[in-house]
Amino acid sequence: MSSLPQENKTTAGKPSPAATVEAAIFPESEHPIREQQLDREALKVLYRLRDAGFKGYLVGGGVRDLFLGKKPKDFDISTDARPGQLRRLFRNSRTIGRRFRLVQVFFRGNKIIEVSTLRSRSEYEEDGEGELLASNNTFGTLEEDAFRRDLTINSLFYEIEGRTVIDYVGGVEDLNRGIIRMVGDPDQRFSHDPARMLRVVRHAARTGFAVDAATSEALQRHSSELMLCPPSRLRDEILKDLRSGASKLWAEQCMTTPLWLTLFPFYQDYFQAGGKDETSLALLRILGEIDRVYQSSSEEQPVHIEEHFLFAALLLPWASAHFKLPGEERLRGPQFHQCFAALREDIGERFGVPFNIPRMAKERISTLLINLSTLHHAGNGKGYPKWLKKKSYYQECKRLYDLYQLSRGKGTAGISVEDFALPEPKQGEVEVISAVQEASSSSSRGRGGGNPAFSSHKGGIFGLRSRRHS
Ligand code: ATP
Ligand code: MG
């Protein structure tokens, strides 16, 4: 949004001043959250805390989603009880986190409720000197806990005693008006933790809310700092969006900010402002299809798409443009190996390093992408040859190829929920064989130029040897 509502009756996301800020308290008649919407287990935790003389609040995304009439993914609880006290109160619990200790309370059916002690600093903040804060230095009041959070709409507390929503930062008004606004001074908050910029884009995409002007301007100024975040954290943040069921909206939103090319500079050569170019449009079609699969995920049929497949899908339009895949003719022999090696190197440098992608995942991403050529040219209109269909990697490569076709407006089948309604393979079940091994083994078996991308080696070559498929 460009014109912003001015400060509201509370503090409109202002940083916590030394003097205490008065919270706006919204009674049940002025907010839509009803106790029965809370998870039974979350309520149990809240009541146990109350009965033991502590304060307990539903916080963060749970309050936001209930307010918006959505089903929260999880119910996080904050309390004035310290981790040690929590452990004594909940026998079926454990403490996690090195710096910020969080208590996980376990219930039947693998249900976990996370309970954290109110604190004054965010997990990712340092003290002024760049030193990590000791955990006992960070316990805080309710007010401090509100101001250390990211967005005003994520900084609300719901308490069961009076069934009120407690708002220090103007979050209720922002929820009602549809505004994404950083708590406090956005310049400062982004430079302390640049990943917050991704959270702004994520929640703007998911809610369809407009980004407040000051937040949006600060995001433009700080976007180049994003890559200062630890690579693994960036990878996890991106995966969260790819699996959110709103990844297309996320990418569209990201493409309107400098964050997109900061994250994925290799898309630069193909990118036009706002993502109006063919490559971006192709990617958006792919992400829309992935969203469709996640949106049909249910408790009975949960979807799990492995990270290497999601990343291959994310890289597909770039790899296709950059390496001319699938190409005019099927890649064979030395050509195949050269292209595979170049692709693997590029993926390692441009994607593997900035996002700390495990070696195995890089291998699998490259394998999926290079085989676009095989899948594109080996079919004869009626289907694929037997030798290809027998390969263990065939199914997965075919799914990516279907996404490729869909991204070009061809084919409508795409991918289906059933394709991914499988448990993740256990460690050791999947094996990747390198191009070098393949090259030497296929030539030593004297297969000549037959099917150089694949060998008749049982279990497959150049791809994923998954017992699930064999
Ligand atoms: P989701 O529905 O994706 O879980 P969420 O808002 O609950 O959304 P979480 O990552 O679970 O997101 O974080 C829980 C809460 O912790 C947020 O609502 C926010 O209040 C706070 N938070 C998370 N990350 C940050 C951050 N980087 N800086 C400040 N506060 C944060
Ligand atoms: Mg959450």
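These notes cover the structure that comes with them. (Residues numbered from 1 in each chain as written. Chains lettered and ligands numbered in written order. Predicted model: local features only at pLDDT ≥ 70, side-chain atom pairs only at ≥ 80, totals over all residues. Heavy atoms only, no water.)

Of all residues adjacent to ligand 1, which total 17 residues, the nearest are R64, R149, N154, D193 and R196. At a separation of 3.1 Å, a nitrogen atom of ligand 1 approaches a polar backbone atom of D150. A distance of 3.0 Å separates an oxygen atom of ligand 1 from a polar atom in the side chain of R199. For ligand 1, whose free accessible area comes to 600 Å², the fraction covered by protein is 86%. Secondary-structure elements contributing two or more residues to the shell around ligand 1 are α2 (61-67), α7 (195-207) and α9 (231-242). (Near = heavy atom within 4 Å. Polar contact = N/O pair within 3.5 Å; in protein donor to acceptor, adjacent residues only side chain to side chain. Areas by Shrake-Rupley, 256 points an atom, 1.4 Å probe, with all protein chains shown as cover. Helix = DSSP H or I, 4+ residues; strand = E, 2+ residues; numbered from the N terminus.)

What follows is about unusual backbone geometry. The omega torsion across L325 and P326 is 5°, close enough to zero to call that bond cis. Phi at N110 is positive, roughly 60°, even though this residue is not glycine. Since its relative accessible area comes to 76%, N110 is described here as exposed. Located in the positive-phi region is N356, a residue other than glycine, with phi close to 45°. Secondary-structure assignment places N356 in the loop between α14 (333-352) and α15 (359-378). (Buried < 20%, exposed > 50% of the residue type's maximum accessible area, 1.4 Å probe, protein only.)

The subject of this paragraph is the nonpolar core. Soluble globular proteins tend to bury their nonpolar side chains together. W250, W260, F264, F351, L369 and L400 are the most contacted members of the largest nonpolar core, which totals 113 residues. Here the element with the most residues in this core is helix α13 (residues 307-322); it accounts for 10 residues. Within the second largest apolar cluster, 13 residues are counted, among which are L118, A146, F157 and V169. (Core = buried A, V, L, I, M, F, W, Y, C linked by side-chain atoms within 4.5 Å.)

Our next topic: the pairing of strand β6 (residues 111-117). Remember that side chains alternate between the two faces of the sheet whenever the strand is regular. Pairing geometry for strand β3 (residues 76-79) and β6, over three bridges, is parallel. Each bridged residue has a counterpart across the sheet, and for T79 the counterpart in β6 is T117. Bridge count between strand β5 (residues 102-107) and β6: six bridges; the pairing is antiparallel. Among the inter-strand pairings, F106 is bridged to a residue of β6, identified as I112. Between β5 and β6, which pair antiparallel and follow one another directly, the connecting turn spans three residues, one of which, G109, has a positive phi of 75°. (Pairing = 2+ DSSP bridges.)

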